[in-house]
2 protein chains.
Amino acid sequence: MRSFTEENYLKIIYHLAEKTNNVQTNAIAEQIQTKPASVTDMIKKLAEKDLVDYVKYQGVTLTEKGKQAAVDIVRKHRLWEVFLVDKLNFKWDEVHDVAEELEHIKSVDLIERLDEFLGFPKSDPHGDPIPDKHGRFAKTQFIKLTELKIGDGGTITGVSQHSSAFLKHLEKLGLTLGKQIEVSDVTDFDGSVEILVTGKQINISREVAKHILISTNGKN
Amino acid sequence: MRSFTEENYLKIIYHLAEKTNNVQTNAIAEQIQTKPASVTDMIKKLAEKDLVDYVKYQGVTLTEKGKQAAVDIVRKHRLWEVFLVDKLNFKWDEVHDVAEELEHIKSVDLIERLDEFLGFPKSDPHGDPIPDKHGRFAKTQFIKLTELKIGDGGTITGVSQHSSAFLKHLEKLGLTLGKQIEVSDVTDFDGSVEILVTGKQINISREVAKHILISTNGKN
DNA sequence: AAAAATTTTTAGATTTACCTAAAAATAAAT
DNA sequence: ATTTATTTTTAGGTAAATCTAAAAATTTTT
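Please read these numbers as outputs of a predicted model, since none were measured by experiment.

A.B. asks: Explain the side chain of Arg78 of chain B to me, please; I cannot follow it from the model alone.
C.D. replies: Among the secondary structure elements, Arg78 of chain B is positioned in helix 4 (residues 64-87). When near neighbours in sequence (up to four residues on either side) are disregarded, Arg78 of chain B contacts His15, Asp124, Asp128, Pro129, Ile130 and Phe137 of chain B.

A.B. asks: How do you make sense of the relation of the copies chain B and chain A when you look at a structure like this?
C.D. replies: These two copies of the chain differ by a rotation about an axis and a displacement along the same axis. Mapping chain B onto chain A is achieved by rotating through 180 degrees and translating by 0.0 Å along the same axis, at an RMSD of 0.1 Å. Seen this way, the second copy is the image of the first under a two-fold rotation axis. No C-alpha of chain B lies nearer the rotation axis than that of Leu102 of chain B, which sits 3.8 Å from it. Residue by residue, 100% of the interface of chain B is reproduced at the interface of chain A, so both copies engage with the same surface.

A.B. asks: Is there a simple way to explain the domain arrangement of chain A in this structure?
C.D. replies: Bring the parts together and some accessible area is lost; that lost area is often taken as the interface size. In terms of domains, chain A is made up of domain 1 (4-62) and domain 2 (143-215). Distance from the C-alpha centre of domain 1 of chain A to the C-alpha centre of domain 2 of chain A: 34 Å.

A.B. asks: How should the sheet that holds strand 8 (residues 212-215) of chain B be read in this particular structure?
C.D. replies: The strands that make up a sheet are held in pairs by hydrogen bonds between backbone atoms, and each pair lies either parallel or antiparallel. Residues and elements named next belong to chain B. A sheet is described by the order of its strands in space; here 6 strands give the open sequence 3-8-4-5-6-7, paired in antiparallel fashion. At either end of the open sheet lies a strand with only one pairing partner, and these are strand 3 (143-144) and strand 7 (200-204). Against the sheet, helix 7 (residues 164-173) contacts strand 4 (153-159), strand 7 and strand 8, and its axis sits at roughly 150 degrees relative to strand 4.

A.B. asks: Where do I start with the protein's contact with DNA strand C in this structure?
C.D. replies: Surrounding DNA strand C, one finds 21 residues, the nearest of these being Lys44 and Tyr54 of chain A together with Thr34, Ser38 and Lys45 of chain B. A share of 79% is what sugar and phosphate atoms reach among the atoms of DNA strand C within 4 Å of the protein. Note that a phosphate oxygen of DNA strand C is positioned 3.4 Å from one of the side-chain N or O atoms of Gln24 of chain A. Thr40 of chain A is positioned such that a nitrogen or oxygen atom in its side chain is 2.9 Å from a phosphate oxygen of DNA strand C. Elements with a minimum of two residues in the surface near DNA strand C: helix 2 (25-32) and helix 3 (36-48) of chain A together with helix 1 (4-17) and helix 3 (36-48) of chain B. Among the elements that make up the surface near DNA strand C, the one with the highest residue count is helix 3 of chain B (5 residues). Here the residues of the surface near DNA strand C sort into 8 nonpolar, 8 polar and 5 charged.

A.B. asks: Any chance you could explain the packing of aromatic side chains here in plain terms?
C.D. replies: Aromatic rings considered in pairs are described by the distance between their centres and by the relative angle of their planes. Summed over all chains, the structure comprises 7 aromatic pairs over all chains. With 6.2 Å between their ring centres and 80 degrees between their planes, Phe83 of chain A and Phe117 of chain B make a pair best called edge-to-face. Of this pair, Phe83 of chain A sits in helix 4 (residues 64-87) while Phe117 of chain B sits in helix 6 (residues 108-117), on two different chains. Classification of Phe83 of chain A by relative accessible area gives buried; the value is 0%. Judged by its relative accessible area of 22%, Phe117 of chain B falls in the partly exposed class.

A.B. asks: Just to check I follow, could you spell out the pattern of salt bridges for this structure?
C.D. replies: Any two side chains of opposite charge can pair, on the condition that their charged atoms come close. Applying the stated criterion across every chain, the model contains 30 salt bridges over all chains. With a shortest N-O distance of 3.1 Å, Glu100 of chain A and Lys11 of chain A are connected by a salt bridge. In this pair, Glu100 of chain A sits in helix 5 (residues 96-102) while Lys11 of chain A sits in helix 1 (residues 4-17), placing the two residues 89 residues apart along the sequence. Across the pair Glu6 of chain B and Lys45 of chain B runs a salt bridge whose closest N-O atoms are separated by 3.3 Å. On the criterion of sequence distance, the pair formed by Glu6 of chain B in helix 1 and Lys45 of chain B in helix 3 is long-range, its members being 39 residues apart.

Conventions we followed
- Residues numbered from 1 in each chain as written.
- Chains lettered and ligands numbered in written order.
- Predicted model: local features only at pLDDT ≥ 70, side-chain atom pairs only at ≥ 80, totals over all residues.
- Heavy atoms only, no water.
- Helix = DSSP H or I, 4+ residues; strand = E, 2+ residues; numbered from the N terminus.
- Contact = heavy atoms within 4.5 Å.
- Least-squares fit on C-alpha atoms with pLDDT ≥ 70 in both.
- Domains from an automatic or database assignment.
- Pairing = 2+ DSSP bridges.
- Axes fitted to C-alpha atoms, helices over the stretch in contact; angles between N-to-C directions.
- Near = heavy atom within 4 Å.
- Polar contact = N/O pair within 3.5 Å; in protein donor to acceptor, adjacent residues only side chain to side chain.
- Nonpolar A, V, L, I, M, F, W, Y, C, P; charged D, E, K, R; others polar.
- Phe/Tyr/Trp six-rings, centres within 6.5 Å; stacked < 30°, edge-to-face > 60°.
- Buried < 20%, exposed > 50% of the residue type's maximum accessible area, 1.4 Å probe, protein only.
- Salt bridge = Lys/Arg side-chain N within 4 Å of Asp/Glu carboxyl O.

Right, dumping it as structure tokens:
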């Protein structure tokens, strides 16, 4: 049986490993809101259980077993987020903390049934893909809004920032998942992007644009 | 913030207090699957936090604060059970363990919304009443099947035993919530009860009958 | 390549919830 | 009313996950 805490470590390591190959102690400590010394302790424990490969001073990588456990938690987290938004009418900026708790409920049966109840969703309310019960992800083809050229268009299909502040901001601008957009201009001065959404012309900072993910249907 | 463990103690004490006024250390230990010595430790902690009144060697009673906390957990447990049965198609004998975990998810908002999503149910899949968000229970008027006389009838509205074995047995006999029954005979020899359900005559042991709760509509 | 800065680990403590074994209090039986 | 049995508590310890402070390794800078 895996403890709540172990599961959190695995999940955090999994997400950090999406950016860098070897995940550093300090990075984990920051994410998990704890001290590096505590992380070292836990890493040793996880290594003992064959969930991570660990070389002193070199950081960790998940083993196959560790990765499977992590993906399973990610799956649960995202399915619960879909439940909260689709069924309980939570906003996309309100679901993270609750899902953080729900993801640790351990019943395989529960998750299978929840998945079915939700209609086997392929992505969560932020556009992140939901792995199937074997841990397989559907292929996704996102590009950052900042990578579009003037005249290019596409559909908002994800965000790479989950802070409540960011999501509320997008909501206010009408930039929600599924919306069609087209880049009409890019400002030289600050790199801010002018886009066309639902008939309106709006300007968003480069910082915001960077975290909006677009699928282009290959038309550009 | 109340710990997972503290919540479990409160819940157990609450349920034990339904039978006896002063709840004994050993009784708690048995329910919570731990040793009496550990219970004494935890009781002291709960008394410190004003959740129970504790007199050495005399057992505990919940304070008003403790009772509120306990009722809140009972509410969550029962609402999650309704969710599992009504929405995820769990059987009534399969929900207990999962609800045991879900009841500790701590978000007031979540439970309010879940309650609404489920249509503000008044009772759980075993017929146990669900307190409202203020902790108030609807009045229920159950009697044990064994208290009915020959010729008396009523509706099955609850069970006072939640073991999987018992519930599966009832299921097989067709004795589920909402079913109309009538007592046609009581065997002198072993006290077993003959009843009429959906047109059929069946015989159930006194032990089983004792745990079936009937509402009689006051017609007897 | 030595010095400085950063990162990571070790060592030793703390807290929570549990344990065993023995002592103390209460309840039951003779 | 003693003795016996049961229940409860105390005392001292363990394991998990954390912490602080200091030491060791690695990386960066000069």
